[in-house]
Amino acid sequence: MEAINSIEVTDRKEAVSDSFVPPKEQPKQQSDLILLFALCLAVSFGASFATIVGYDRWYAQKVVAVDIKGYIAQQRDNYLAGKLNDDELKRSFDRLEAVITAIPKNRVVIMGDAVVRNAETVKP
């Protein structure tokens, strides 16, 4: 009988000791929430910034001016002065065409004469 009682007593002690666990130190939930909020804010800011930069670089329309009239006048003057021969004149016009066709599709090309200010000007 004593052996049974001692087994029951030890089982009760284990049962009591298992059910009563002193509270462990709680993790700092407020600190974790602040960290999570800061991480969400940083990811949101980064995604917004990348979207705006990508839109501005590849999609938004921008105005570009090309001074074709001035370039042709300069080439004509050089040709008449004898500074350019026929082949060089042809190459200079080919270069003008190459510069104009190399302008990206999200750029609106206008004549340089129409620009008053604040427009990017492409020089061939």
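What counts, and at which threshold
- Residues numbered from 1 in each chain as written.
- Predicted model: local features only at pLDDT ≥ 70, side-chain atom pairs only at ≥ 80, totals over all residues.
- Heavy atoms only, no water.
- Patch = residues over 30% accessible without salt bridge, like charges linked within 9 Å, V, L, I, M, F, W, Y side chains within 5 Å.
- Areas by Shrake-Rupley, 256 points an atom, 1.4 Å probe, with all protein chains shown as cover.
- Salt bridge = Lys/Arg side-chain N within 4 Å of Asp/Glu carboxyl O.
- Helix = DSSP H or I, 4+ residues; strand = E, 2+ residues; numbered from the N terminus.
- Buried < 20%, exposed > 50% of the residue type's maximum accessible area, 1.4 Å probe, protein only.
- pLDDT = per-residue confidence, 0-100.
- Phe/Tyr/Trp six-rings, centres within 6.5 Å; stacked < 30°, edge-to-face > 60°.

A. Structural view of a nonpolar patch on the surface. There is a patch of nonpolar side chains on the surface, built from L33, L36, L39 and V43 and spanning about 410 Å² of accessible area. Topologically, L36 is positioned in helix α2 (residues 29-58). Overall, the relative accessible area of 48% leaves L36 in the partly exposed class.

B. Fine view of the confidence of the model for the protein. With 77% of its residues at a pLDDT of 70 or more, the protein shows a mean pLDDT of 83. The element-level mean pLDDT for the protein is lowest in helix α1 (residues 2-19), coming to 53, with α2 highest at 94.

C. View of the packing of aromatic side chains. The final tally for this structure, using the stated rule, is two aromatic pairs. Considering the side-chain rings of F45 and F49, the 6.4 Å spacing of their centres and the 20° angle between planes classify their relative orientation as stacked. Of this pair, F45 and F49 both sit in helix α2, four residues apart, which is roughly one turn of the helix. Note on accessibility: F45 and F49 belong to one class, exposed. Ring geometry for Y55 and Y59: centres 5.4 Å apart, planes at 45°, overall tilted. Accessibility expressed as a relative area gives 57% for Y59, which makes it exposed.

D. Here's a closer look at the side chain of S92. Its place among the elements puts S92 in helix α4 (residues 86-101). The exposure class assigned to S92 is buried, which follows from its relative accessible area of 5%.

E. The arrangement of the pattern of salt bridges in detail. Applying the stated criterion to the full structure yields three salt bridges. Of the charged contacts, one joins K69 and D113 as a salt bridge, the two residues approaching to 3.6 Å between their closest N and O atoms. Of this pair, K69 sits in helix α3 (residues 68-80) while D113 sits in the loop between β2 (107-111) and β3 (120-122), and the two are 44 residues apart along the sequence. When its relative accessible area of 56% is taken as the criterion, K69 is described as exposed.

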